[in-house]
Amino acid sequence: MPEVQYGGQAVIEGVMMRGPHRLAVAIRRPAGDILVETQPFASWASRYWLLKLPFFRGVVALVESLVLGIKYLSFSAGLALEEEGEELKPRDLVLTVVLALALAIGLFVVMPAVVAMLAHPWLPLYGQNLLEGTLRLSLFLAYIVAISRVRDIQRVFQYHGAEHKVINALEAGEQLTLEKVRPYSTLHPRCGTSFLLLVLVFSIFFFSFLGKGGFWWRLVSRILLLPLVAGSAYEVIKLASRNLKSPIVRLVIAPGLWLQRLTTREPDDGMLEVALRALIAAKDEAGAGEVV
């Protein structure tokens, strides 16, 4: 695996890729051509030494992925509708990110905590915590299953699979051509799907140590511990990606890879071409490069 790691995200009819110094997005426009845009990229962690430290860098990675994901989903949606493909303005982007976080916290943190709190007359504390964690995990899995049945989302999941194929090929030292990339897996151990699943599993463990308290204690403590949970999950994902031959590591990452069978689909060659163009552009200082 190369020392420099690239990551990406599927967008509507396209793929966004980013490396340590450059970000690129490639989108198949309705006319059939591929739009490729690049820009310099510097992670927040590269600007402040504190954010490079373990646990902190995981929170930074999560927030950056959310911000960039919403930004380029909006951009790609405009192109898909044959509009100008304008990016969200900073104020609108901040508002969208805040609303997305509030919705996620409400659905996956507040709701399970409320249900567990209401069950306190019948369950001891450890039973409430187990119920809360199980409900949180079940809601997440149900959400993934539900959206995986939507036709438009299935196309996004195909681009997600294309993104993984080209990164797997890159990390294997393979030549970045359609023929060479095509056989690679649509699953990847550093995928955001695996990360989110690990966050939910870790939350069951961390929250089980919290003592008894009222509703507001249960709610606020969960929200305040989220950065620690996310940071811990990120460190495990990073460590696992460097030790994939270990049987223990393979056991740890297996559930995330199984879940990716829902969030990725086998892409066609046109989608692979888009993902390759995005990765080559993110790597190539001179421009978008060529896909053979």
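1. Here we look at unusual backbone geometry
Phase 1 of the analysis: At Glu 13, a residue that is not glycine, the phi angle is positive and equals roughly 55 degrees.
Phase 2 of the analysis: Looking at the element boundaries, Glu 13 is found in the loop between strand 1 (7-11) and strand 2 (14-18).

2. A short note on helix 3 (residues 125-147)
Phase 1 of the analysis: Relative to the 33 Å expected for 23 residues at 1.5 Å per residue, helix 3 spans 33 Å between its end C-alpha atoms, a close match to the ideal helical length.
Phase 2 of the analysis: For helix 3, every residue scored as buried is listed here: Gly 127, Gln 128, Asn 129, Glu 132, Gly 133, Arg 136, Phe 140 and Ile 144.

3. Some words on the packing of helix 6 (residues 192-207) against helix 7 (residues 215-241)
Phase 1 of the analysis: Packing of helix 6 against helix 7 brings their axes to within 8 Å, and their N-to-C directions diverge by 125 degrees. With respect to their mutual orientation, helix 6 and helix 7 come out oblique. Helix 7 is crossed by helix 6, and the crossing has right-handed handedness. Touching Ser 194, Phe 195, Leu 198, Val 199, Phe 202, Ser 203, Phe 206 and Phe 207 of helix 6 are Arg 222, Leu 225, Leu 228, Val 229, Ala 230, Ser 232, Ala 233, Tyr 234, Val 236 and Ile 237, all from helix 7.
Phase 2 of the analysis: A per-class count over the contact of helix 6 with helix 7 returns 14 nonpolar, 3 polar and 1 charged.

4. As for the side chain of Arg 22
Phase 1 of the analysis: Note that Arg 22 resides in strand 3 (residues 22-28).
Phase 2 of the analysis: On the accessibility criterion, Arg 22 (13% relative accessible area) is buried.
Phase 3 of the analysis: Looking at Arg 22, its side chain comes within polar contact range of the main-chain oxygen of Ala 281, at 3.1 Å.

5. Focus: the pairing of strand 2
Phase 1 of the analysis: Strand 2 sits mainly inside the fold: 5 of its 5 residues count as buried.
Phase 2 of the analysis: What you see with strand 2 is no split at all: Gly 14, Met 16 and Arg 18 on one side and Val 15 and Met 17 on the other are buried throughout.
Phase 3 of the analysis: The hairpin formed by strand 1 and strand 2 contains 2 residues between the paired strands, and Glu 13 there has a positive phi angle of roughly 55 degrees.
Phase 4 of the analysis: Where strand 2 folds back on strand 3, the antiparallel hairpin that results is connected by 3 residues.

6. Observations regarding the sheet that holds strand 4 (residues 34-40)
Phase 1 of the analysis: Spatially, the 4 strands line up as an open sheet ordered 1-2-3-4, and their pairing is antiparallel. Taken across any chain shown, the strands that pair with only one partner, and hence form the sheet edges, are strand 1 and strand 4. Strand after strand, the sheet turns through a mean of 15 degrees between neighbouring axes, direction not considered.
Phase 2 of the analysis: Note: strand 2 against strand 3, 5 bridges, orientation antiparallel. For Arg 18, the partnering residue across the bridge sits in strand 3 and is Leu 23.

7. A word on the UniProt feature "transmembrane region" (unreviewed entry) in the protein
Phase 1 of the analysis: As recorded in UniProt, the sites labelled "transmembrane region" (unreviewed entry) are residues 55-81, 93-119, 125-146 and 191-209.
Phase 2 of the analysis: Within the segment residues 125-146, helix and strand shares are 100% and 0% respectively, and the terminal C-alpha atoms sit 31 Å apart.
Phase 3 of the analysis: Annotated as residues 191-209, this span is 84% helix and 0% strand, and its ends, taken at the C-alpha atoms, are 28 Å apart.

What counts and how
Residues numbered from 1 in each chain as written. Predicted model: local features only at pLDDT ≥ 70, side-chain atom pairs only at ≥ 80, totals over all residues. Heavy atoms only, no water. Helix = DSSP H or I, 4+ residues; strand = E, 2+ residues; numbered from the N terminus. Expected span 1.5 Å × (residues − 1). Buried < 20%, exposed > 50% of the residue type's maximum accessible area, 1.4 Å probe, protein only. Axes fitted to C-alpha atoms, helices over the stretch in contact; angles between N-to-C directions. Parallel < 35°, antiparallel > 145°, perpendicular 65-115°, else oblique. Left-handed = near helix turned anticlockwise from the far one by under 90°. Contact = heavy atoms within 4.5 Å. Nonpolar A, V, L, I, M, F, W, Y, C, P; charged D, E, K, R; others polar. Polar contact = N/O pair within 3.5 Å; in protein donor to acceptor, adjacent residues only side chain to side chain. Pairing = 2+ DSSP bridges. UniProt positions renumbered as here; feature names shortened; annotations may be inferred.

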